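Chain by chain, the residues run as shown.
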Amino acid sequence: MNDDRTTRHLAFHDTERAVVAMEIDYPDGSDTGWHAHPRAQLLYAIQGVMIVRSQAGSWVVPPNRAVWLVGGLEHEVRMCGEVKIRTVFIDPTVSATLPGDNCVIAVSPLLRELIVAAVAIPLDYPAGGRDERLMQLLLDELKLFDVLPLHLPMPRDVRLRTVCRHLIAHPENEETAQDWARRLGITPKTVHRLFASQTGLTFGQWRQQARLLFALERLASGARIIDVAYDSGYASQSAFTAMFRRHFGLPPSDFYR
């Protein structure tokens, strides 16, 4: 098999088996470039943090989480830290209970071990044997997925995309929907309506989500919590920690443990 990172996955698309798994490691700061897979993909890292981007939005994927990407989605993955990816390619027709859309899911201890074991299984594993049963158990575990709020959807409207790109680049920005409406020459009501219809979030919720994902990326790179808090637009570390705990159920100091 070609060992080039840019082509290694191709053999996993051509196999007749419905479920196959691959391992690949990347150094800190590297990225995959834009690409797509014909199969659905469960993208998981046993080490490091992945930032996954597509035209539809972006996801931050920390340890003990995985991102489910539907087949055909063009995306790129950027690495925070040394990232050891263990990914599963799945023909979505093999099960009706798989996620129907892109999302980040929690990875149970059992699912983690199944993914790690799956990468050692050859592409041409025999039907009816131990390897096929392990892959089937992996699919059964995916039926229990819990979707996590680690997605930042991007709107289709060009005006809103301008706002969103600015807020991603400047998470400390405090301008309100009214401020942006004046700059865009539209009404605040239009801003709120477009955010709700095209992202499923209010303007305030979208900005908070952008700040959260920015914070997760900074924390993954080893930044101090107090610096992340201020850079994310919070007046104090305690205010940032309280928001983080409400969102994820634990403080930022514990998130990557």
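Residues numbered from 1 in each chain as written. Predicted model: local features only at pLDDT ≥ 70, side-chain atom pairs only at ≥ 80, totals over all residues. Heavy atoms only, no water.

A. Focus on the packing of helix α2 (residues 109–118) against helix α3 (residues 130–142). As a packed pair, α2 and α3 sit with axes 10 Å apart at the nearest point and diverge in direction by 145°. Here the hand of the crossing between α2 and α3 comes out left-handed. Along the contact surface, α2 presents Leu-110, Leu-111, Leu-114, Ile-115, Ala-117 and Ala-118, while α3 presents Leu-134, Met-135, Leu-137, Leu-138, Glu-141 and Leu-142. Considering only residue class, the contact of α2 with α3 consists of 11 nonpolar, no polar and one charged. (Axes fitted to C-alpha atoms, helices over the stretch in contact; angles between N-to-C directions. Helix = DSSP H or I, 4+ residues; strand = E, 2+ residues; numbered from the N terminus. Left-handed = near helix turned anticlockwise from the far one by under 90°. Contact = heavy atoms within 4.5 Å. Nonpolar A, V, L, I, M, F, W, Y, C, P; charged D, E, K, R; others polar.)

B. Structural detail: the environment of Pro-251. Topologically, Pro-251 is positioned in the segment after α9 (237–248). Take Pro-251: its relative accessible area is 11%, and that puts it in the buried class. C-alpha separation for the pair Pro-251 and His-35, spaced 216 residues apart in sequence, amounts to 35 Å. Residues contacting Pro-251, with those up to four places away along its chain left out, are Thr-241, Phe-244 and Arg-245. (Buried < 20%, exposed > 50% of the residue type's maximum accessible area, 1.4 Å probe, protein only.)

C. Highlighting the pairing of strand β3 (residues 57–61). In terms of burial, β3 is a largely internal element, five of the five residues being buried. Neither face of β3 is exposed, since Gly-57, Trp-59 and Val-61 on one face and Ser-58 and Val-60 on the opposite face are all buried. As paired elements, strand β2 (residues 40–54) and β3 share five bridges and run antiparallel to each other. In the strand pairing of β3, Val-52 is matched with Trp-59. Here β2 folds back onto β3 in antiparallel fashion, the turn holding two residues. (Pairing = 2+ DSSP bridges.)

D. A look at the pattern of salt bridges. With the rule as written, the count across this model stands at 13 salt bridges. Residues Arg-78 and Glu-217 are paired through a salt bridge, measuring 2.2 Å at the closest nitrogen-oxygen approach. Of this pair, Arg-78 sits in strand β5 (residues 75–90) while Glu-217 sits in helix α7 (residues 203–220), and the two are 139 residues apart along the sequence. Arg-78 gets classed as partly exposed once you look at its relative accessible area, which sits at 26%. The closest approach of N and O atoms between Asp-157 and Arg-159, which form a salt bridge, is 3.0 Å. What you see here is one network of salt bridges that share partners, running through Glu-23, Asp-25, Lys-84 and Arg-86. (Salt bridge = Lys/Arg side-chain N within 4 Å of Asp/Glu carboxyl O.)

E. Focus on the pairing of strand β1 (residues 19–26). Most of β1 sits inside the fold, with six of its eight residues counted as buried. In this structure, β1 lies alongside β5, joined through eight bridges in antiparallel fashion. Of the residues in β5, the one forming a bridge with Val-20 is Phe-89.

F. Examining α9 more closely. For α9, which comprises 12 residues, the first-to-last C-alpha distance of 16 Å matches the rise-based estimate of 16 Å (1.5 Å per residue) to within 8%. Looking at the buried side of α9, the elements it contacts are α7 and α8 (225–231). (Expected span 1.5 Å × (residues − 1).)

G. Expanded view of the nonpolar core. Counting residues in hydrophobic clusters, the biggest one holds 81 residues, and the most contacted among them are Met-50, Val-52, Leu-142 and Phe-240. It is β2 that provides the largest number of residues to this core, a total of nine residues. With residues up to four places along the chain from it excluded, the contact list for Leu-142 reads Leu-42, Trp-68, Ile-90, Leu-98, Ile-105 and Leu-111. (Core = buried A, V, L, I, M, F, W, Y, C linked by side-chain atoms within 4.5 Å.)

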